[in-house]
Amino acid sequence: MSDAASRYLELLKACLMDEIYDPEHRDVLAEDREWPRRAHTMLGRERLDNIQACIESVLEDGVEGDLIETGVWRGGATIFMRGVLEARGDAARTVWVADSFQGLPAPDTQNFPADAADAHFTRPELAVSVDEVKANFARYGLLDDRVIFVEGWFRETLPALPVEKLAVLRLDGDMYESTRVALDALYPKLQPGGYIIVDDYRSIPGCFKAVNDYRAEQHIREPFVVVDWTAVCWRREPNG
Ligand SMILES: C[S@@+](CC[C@H](N)C(=O)[O-])C[C@H]1O[C@@H](n2cnc3c(N)ncnc32)[C@H](O)[C@@H]1O
């Protein structure tokens, strides 16, 4: 791996976390502070490092497929995905950027009773328009035709998403519904040797339950890897 590429990725992380101008940034959510005022991602360093490690692993092992994040907010994690592909010389894979671009849905308690108390939909800070996210990609010079924006509620967009194979599937939709709908639609497309990352597993009960329900129903046995105070991931086994 070239040293310049690795240094580019470190600089990209620092910019996305707003760390180069605000050395105090670190992981504001882990410290129970408000959503970052200016950073392009809510993720802290461990989770960005994890995205990098997963992508580098699939590239090295030749695992086929695109990358997707479901729940992108200002776009930071997906900007980073595109940057890793660029830094590591991948010329083929697409980054799918899926969001309502208007915040979270109100709980659908009939279909997803676990979301009954979820109040994320009341938070205007979580609504970031697609134009703003595109502009953020452009600021990093990473807006091109290998980034595809999927606009709408996951229940409407993900089941028919025209992607055949995924190498990295990153879920960051907070709620039971948002997690469960993404798992149902996309996990079957995750290739053997590919990674699934769940941002909210250790911090949001609805997400925790959605993942546990899905794993139990699908008899998924791969062990969790803890990423940080909130995120986990696992690697899909050849016959997983
Ligand atoms: C925690 S934020 C994502 C943070 C982001 N990954 C980052 O790098 O900072 C959650 C996002 O998920 C989106 N979202 C949650 N549930 C959704 C759903 N059911 N359909 C569409 N978008 C959803 C919200 O609009 C919001 O942008």
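If you're wondering where the values come from, they're calculated on a predicted model, not measured in any experiment.

Conventions adopted
Residues numbered from 1 in each chain as written. Predicted model: local features only at pLDDT ≥ 70, side-chain atom pairs only at ≥ 80, totals over all residues. Helix = DSSP H or I, 4+ residues; strand = E, 2+ residues; numbered from the N terminus. Buried ≥ 20, exposed ≤ 12 C-beta atoms within 10 Å, placed from the backbone. Contact = placed C-beta atoms within 7 Å. Near = placed C-beta within 6 Å. Core = buried A, V, L, I, M, F, W, Y, C linked by C-beta atoms within 7 Å. Axes fitted to C-alpha atoms, helices over the stretch in contact; angles between N-to-C directions. Parallel < 35°, antiparallel > 145°, perpendicular 65-115°, else oblique. Left-handed = near helix turned anticlockwise from the far one by under 90°. Nonpolar A, V, L, I, M, F, W, Y, C, P; charged D, E, K, R; others polar. Expected span 1.5 Å × (residues − 1). Pairing = 2+ DSSP bridges.

A. Geometry of the overall build of the protein. Looking only at helices and strands, one finds seven helices and seven strands in the protein. Listed N to C, the secondary structure of the protein is α-α-β-α-β-α-β-α-β-α-β-α-β-β in terms of helices and strands. Once the C-alpha set of the protein is aligned to its principal axes, its extents read approximately 50 × 40 × 30 Å. For the protein, the residues scored as buried account for 44% of the 240 residues in total. A separation threshold of at least 6 residues defines the contact pool for the protein, and within that pool the share at least 24 residues apart is 75%.

B. Focus on the site of the ligand. Among the 23 residues in the neighbourhood of the ligand, the closest are listed as Gly71, Trp73, Ala77, Ser100 and Ser178. Looking at the shell around the ligand, the elements with two or more residues in it are α3 (76-87) and α6 (176-186).

C. Just the nonpolar core, in detail. The biggest cluster of nonpolar side chains holds 65 residues, and the ones touching the most others in it are Ile55, Phe80, Met81, Val168, Val198 and Cys233. The greatest single-element share of this core, amounting to seven residues, is contributed by α3.

D. Spatial organisation of the environment of Leu9. Structurally, the position occupied by Leu9 is in helix α1 (residues 3-16). Not counting the four nearest positions on each side in its chain, Leu9 is found in contact with Gln52, Gly83, Val84 and Ala87.

E. View of the packing of α6 against helix α7 (residues 205-218). Between α6 and α7, whose axes approach to 7 Å, the crossing angle comes to 30 degrees. Comparing their axes, α7 and α6 come out roughly parallel. You can see that α6 and α7 cross each other, and the crossing is right-handed. Here Tyr176, Thr179, Arg180 and Leu183 of α6 come into contact with α7, specifically with Gly206, Cys207, Lys209, Ala210, Val211 and Tyr214. Looking at the contact of α6 with α7 residue by residue, the classes come out as six nonpolar, two polar and two charged.

F. Summary view of helix α2 (residues 45-61). The terminal C-alpha atoms of α2 lie 24 Å apart, and with 17 residues this matches the ideal 24 Å at 1.5 Å per residue to within 8%. Listing the buried residues of α2 in full gives Arg47, Leu48, Asn50, Ile51, Gln52, Cys54, Ile55 and Val58. On its buried face, α2 sits against α1, β1 (66-70), α3, β4 (166-171), β5 (190-198) and β7 (232-235). A positive backbone phi angle near 65 degrees is found at Gly62, which sits one or two residues after α2.

G. Molecular detail of the environment of Ala87. Its location among the elements puts Ala87 in helix α3. What makes Ala87 buried here is the crowd of 20 C-beta atoms within 10 Å. Separated by 78 residues in the primary sequence, Ala87 and Leu9 place their C-alpha atoms 7.3 Å from one another. Setting aside anything within four residues of it in sequence, one finds Ala87 in contact with Ala5, Tyr8 and Leu9.

H. Seen up close, the sheet that holds β7. Reading across the sheet, the seven strands line up as β3-β2-β1-β4-β5-β7-β6 and stay open at both edges, with mixed pairing between neighbours. At either margin of the open sheet sits one strand with a lone partner, and together these are β3 (147-151) and β6 (225-226). Bridge count for β6 against β7 is two bridges, and the pairing is antiparallel. The residue of β7 that forms the bridge with Val225 is Cys233. Contacting β1, β4 and β5, α6 runs over the sheet at an angle of about 170 degrees to β4.

I. Just the packing of α1 against α3, in detail. Axis separation between α1 and α3 bottoms out at 10 Å; the angle between their running directions is 170 degrees. Our classification of the angle between α1 and α3 gives roughly antiparallel. Of the residues in α3, those in contact with Ala5, Tyr8, Leu9, Leu12, Lys13 and Leu16 of α1 are Gly76, Ile79, Phe80, Gly83, Val84 and Ala87. Residues of the contact of α1 with α3, tallied by class, amount to nine nonpolar, two polar and one charged.

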